[in-house]
Amino acid sequence: MTAKPKNNKNNKPAHKIKPKVITPTAKAPKHGARYVAAHGVREVLVDGTPLDIALSGQALFVQLERRDRAFARLIAATVFRRLGQIDKVLAPFIKKTPTDYALAVLRTGAAQILFLDTPAYAAVNGSVALLRRSKKTAHMAGMANAVLRRVTEQGQDLLAKTSTLDNIPTWLLKSWTESYGVEASQKMADMLIQEPPLDLTTKPGIAGPDGEVLPGGTVRLAKAGDVRALSGYDEGNWWVQDVSAALPIRLLGDISGKRILDMCAAPGGKTLQLAAAGANVTALDKSEGRLERVKENLARTGLKADIAVGDAAKWRDPQNTSGGGFDIVILDAPCTATGTYRRRPDVLHNKKPEHIDSLARIQEKLIMAAARHVAPGGTLIYCTCSLQKREGEGQITKFMQNRTDFRLNSLLGIEDLGVAETVTPEGVVRVLPHFMHEKGGMDGFFVASLSCG
Ligand SMILES: C[S@@+](CC[C@H](N)C(=O)[O-])C[C@H]1O[C@@H](n2cnc3c(N)ncnc32)[C@H](O)[C@@H]1O
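What you see is a predicted model; the values in this text were computed from it and never measured. (Residues numbered from 1 in each chain as written. Predicted model: local features only at pLDDT ≥ 70, side-chain atom pairs only at ≥ 80, totals over all residues. Heavy atoms only, no water.)

A. Layout of the overall build of the protein. In terms of helices and strands, the protein carries 16 helices and twelve strands. Relative to a compact globule of 453 residues, whose C-alpha radius of gyration would be 22 Å, the protein shows 23 Å and is just as compact. Projected onto its principal axes, the C-alpha positions of the protein cover 70 × 45 × 40 Å. The burial tally for the protein puts 56% of its 453 residues in the buried class. (Helix = DSSP H or I, 4+ residues; strand = E, 2+ residues; numbered from the N terminus. Rg over C-alpha atoms; globule rule 2.2 N^0.38 Å. Buried < 20%, exposed > 50% of the residue type's maximum accessible area, 1.4 Å probe, protein only.)

In structure tokens form, the structure reads like this:
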């Protein structure tokens, strides 16, 4: 059995991959959610497509009832939260290597049997039916039936012999263990199997929907659901933003009237925070499509920012063409996003070490470009939602070797998140996903603050 996913044939960063639209056949609506989930899982693992695109890019997905779409998402997300454990349970029953799609059907079937409330007969029959649908796969229907029946009978016993560590790809687990130790890595693995809560950042002085108010002001709701249905959405009182992602701007204190460049701004969480705090913000991003999201968010919240489209590595400030025109520059750099795995469990499975190399090169260029826009005495904030130190601490070390006119500001004592280890002795923020685990955890995040001159 090919227990390990074949990763990203194209070896492209996930955000550059266009979804392949799968056209449903006339029979598609039967077992539609399972069909969409299995194709989505296959596409993430084989082509490296992000899961939300792999699901929503399927023509059938939009035809599904809302409830079935949610079920398709739940099945696929469960596969990515539990992939290693699922494969260990399946392995003894698979005698001949199945095709990528048949393996995806087995994985989605096993996810339903082992972890969801689906009756086992429905999971088995539904999975078998997916393979019977096409002449190309019909010959594997008998095998799937036999395998999934054995998972039904023996799966829980086999599952008891697995560990949540099995769900972390080997190379990632090695890097986490080297960076954060064995105990932290185990806790990080345990966070992957939990559905994360929903975090909202509210406009200053405005209360959000009923939820737990975390230190720093984030409102935490236990379940995600449809955000548009929550109170205050239409009024633009708040926006969705993980508590970790809100940190870099919270660290800045009073920024009213400051000129601030948000260099990689879309979809705009930090731009909204800056604008709500009274700063004069320029929101720059190279993606016009993603900047539309920033515009929509600004319109909904009634906040203002100047929008600029362009490559931040080359962008010139029209007000200061020689640079140095901003009090503060925020670089929330493109990264592997491994810190967001609680909400996007597929990020752990569609990334490879090569992606870190190519993203690190981009980050290096962008941080040098960001520094050119900082006014003397101004501040540069560098942050990423990656857990890989090379994309965080490593970039800062390199940058400070190149730009000796910048110094690292210690963030110790600036923000009390109720989690003592958030700020390292070096004075940078390194959030790990199990911090605040009793309340549902946080996205992994890195933040450094540097002063110019
Ligand atoms: C981590 S996201 C930013 C999230 C955003 N700061 C927020 O808080 O909502 C990274 C963004 O960088 C943008 N990006 C990637 N490379 C870029 C470049 N060379 N110039 C400008 N933007 C870039 C991407 O389009 C993406 O929107």
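B. Molecular detail of the site of the ligand. Near the ligand there are 19 residues, and of these Asp285, Arg290, Asp311, Ala312 and Asp332 occur at the shortest range. At 2.8 Å, a side-chain N or O of Asp311 approaches a nitrogen atom of the ligand. Here a nitrogen atom of the ligand sits 2.8 Å away from a polar atom, N or O, in the side chain of Asp332. When the ligand is considered free in solution it has 610 Å² of accessible area, and contact with the protein chains removes 86% of it. Classifying every residue of the shell around the ligand by side-chain character gives nine nonpolar, four polar and six charged. (Near = heavy atom within 4 Å. Polar contact = N/O pair within 3.5 Å; in protein donor to acceptor, adjacent residues only side chain to side chain. Areas by Shrake-Rupley, 256 points an atom, 1.4 Å probe, with all protein chains shown as cover. Nonpolar A, V, L, I, M, F, W, Y, C, P; charged D, E, K, R; others polar.)

C. Representation of the packing of helix α5 (residues 83-90) against helix α6 (residues 100-115) in the model. Look at α5 against α6: their axes get within 10 Å of each other, and the N-to-C directions meet at 100°. Between α5 and α6, the angle falls in the class roughly perpendicular. Contacts between α5 and α6 pair Leu83, Ile86, Asp87, Val89 and Leu90 from the former with Leu106, Arg107, Ala110, Ala111, Leu114 and Phe115 from the latter. Of the residues that constitute the contact of α5 with α6, the class distribution is nine nonpolar, no polar and two charged. (Axes fitted to C-alpha atoms, helices over the stretch in contact; angles between N-to-C directions. Parallel < 35°, antiparallel > 145°, perpendicular 65-115°, else oblique. Contact = heavy atoms within 4.5 Å.)

D. Seen up close, the pattern of salt bridges. Under the criterion given, the structure shown has 19 salt bridges. The closest approach of N and O atoms between Lys187 and Glu183, which form a salt bridge, is 3.5 Å. Of this pair, Lys187 and Glu183 are both found in helix α11 (residues 182-192), four residues apart, which corresponds to roughly one turn of the helix. Judged by relative accessible area, which is 59%, Glu183 ranks as exposed. Arg390 is the partner of Asp357 in a salt bridge, and the nearest nitrogen-oxygen pair spans 2.6 Å. One end of the pair, Asp357, is in helix α15 (residues 353-372); the other, Arg390, is in the loop between β9 (374-384) and α16 (393-402), and 33 residues separate them in sequence. With a relative accessible area of 42%, Arg390 lands in the partly exposed category. (Salt bridge = Lys/Arg side-chain N within 4 Å of Asp/Glu carboxyl O.)

E. Looking closely at unusual backbone geometry. At the junction of Ala266 and Pro267, the peptide bond is cis and its omega measures out at 5° in the coordinates. Structurally, Pro267 is set in the loop between β5 (259-262) and α13 (269-276). Phi at Ala337 is positive, roughly 60°, even though this residue is not glycine. Inspection of the secondary structure assignment puts Ala337 in the loop between β8 (326-332) and α15. Looking at Ala337, the relative accessible area reads 6%, which means it is buried. One non-glycine residue, Met436, lies in positive phi territory at about 60°.

F. Summary view of the packing of aromatic side chains. Applying the stated criterion across every chain yields a total of five aromatic pairs. Ring geometry for Trp315 versus Phe326: centroids 6.4 Å apart, planes at 40°, classification tilted. Here Trp315, found in the loop between β7 (306-309) and β8, pairs with Phe326, found in strand β8; they are eleven residues apart in sequence, far enough to count as distant. A single burial state applies to Trp315 and to Phe326, both of which are buried. Against the face of Phe326 rests Arg259, its NZ or CZ located 3.9 Å from the ring centre. One cation-aromatic arrangement involves Arg300 over Trp238; the distance from NZ or CZ to the ring centre is 5.7 Å. (Phe/Tyr/Trp six-rings, centres within 6.5 Å; stacked < 30°, edge-to-face > 60°. Lys NZ or Arg CZ within 6 Å of the ring centre and 35° of its normal.)

G. Structural context of the domain arrangement of the protein. Assigned domains of the protein: these are domain 1 (14-162) and domain 2 (242-452). Domain 1 puts eleven residues into the contact, and the matching count from domain 2 is seven residues. Taken together, the two surfaces of domain 1 and domain 2 that pack against each other cover about 780 Å², and 62% of this comes from carbon and sulfur. At the junction of domain 1 and domain 2, the tally comes to zero salt bridges. At the boundary of domain 1 with domain 2, the tally comes to four residue pairs in polar contact (both at pLDDT 80 or more). Every element with two or more residues in the side of domain 1 that touches domain 2 is listed here: α1 (32-47) and α4 (66-81). Top contributing element to the side of domain 1 that touches domain 2 by residue count: α4, with three residues. (Domains from an automatic or database assignment. Buried area = accessible area lost by both parts, 1.4 Å probe.)

H. Inspection of the pairing of strand β12 (residues 445-452) at higher detail. Counting buried positions along β12 yields eight of eight residues, so the element is predominantly enclosed. Taken together, the six bridges between β9 and β12 define a ladder with antiparallel strand orientation. Within the sheet, the bridge partner assigned to Thr384 lies in β12 and is Phe446. Where strand β10 (residues 406-409) meets β12, four bridges bridge the pair, whose relative direction is antiparallel. Directly across from Arg407, in β12, lies its bridge partner Ser451. As judged from the three bridges shared by strand β11 (residues 429-431) and β12, these two strands associate in the antiparallel manner. Its bridge partner being in β12, Val429 is matched across the sheet by Val447. (Pairing = 2+ DSSP bridges.)

I. Representation of α5. Along α5, seven of the eight residues are buried, which leaves the element largely enclosed by surrounding structure. Along α5, the residues classified as buried are Leu83, Gly84, Gln85, Ile86, Asp87, Val89 and Leu90. Elements that come into contact with the buried residues of α5 comprise α1, α4, α6 and α9 (141-159).

J. Focus on the sheet that holds strand β3 (residues 219-221). Strands sit in the order β2-β3-β1-β4 across an open sheet of four strands; the sheet is antiparallel. In this open sheet, the two edge strands, each paired with only one partner strand, are β2 (212-213) and β4 (238-240).

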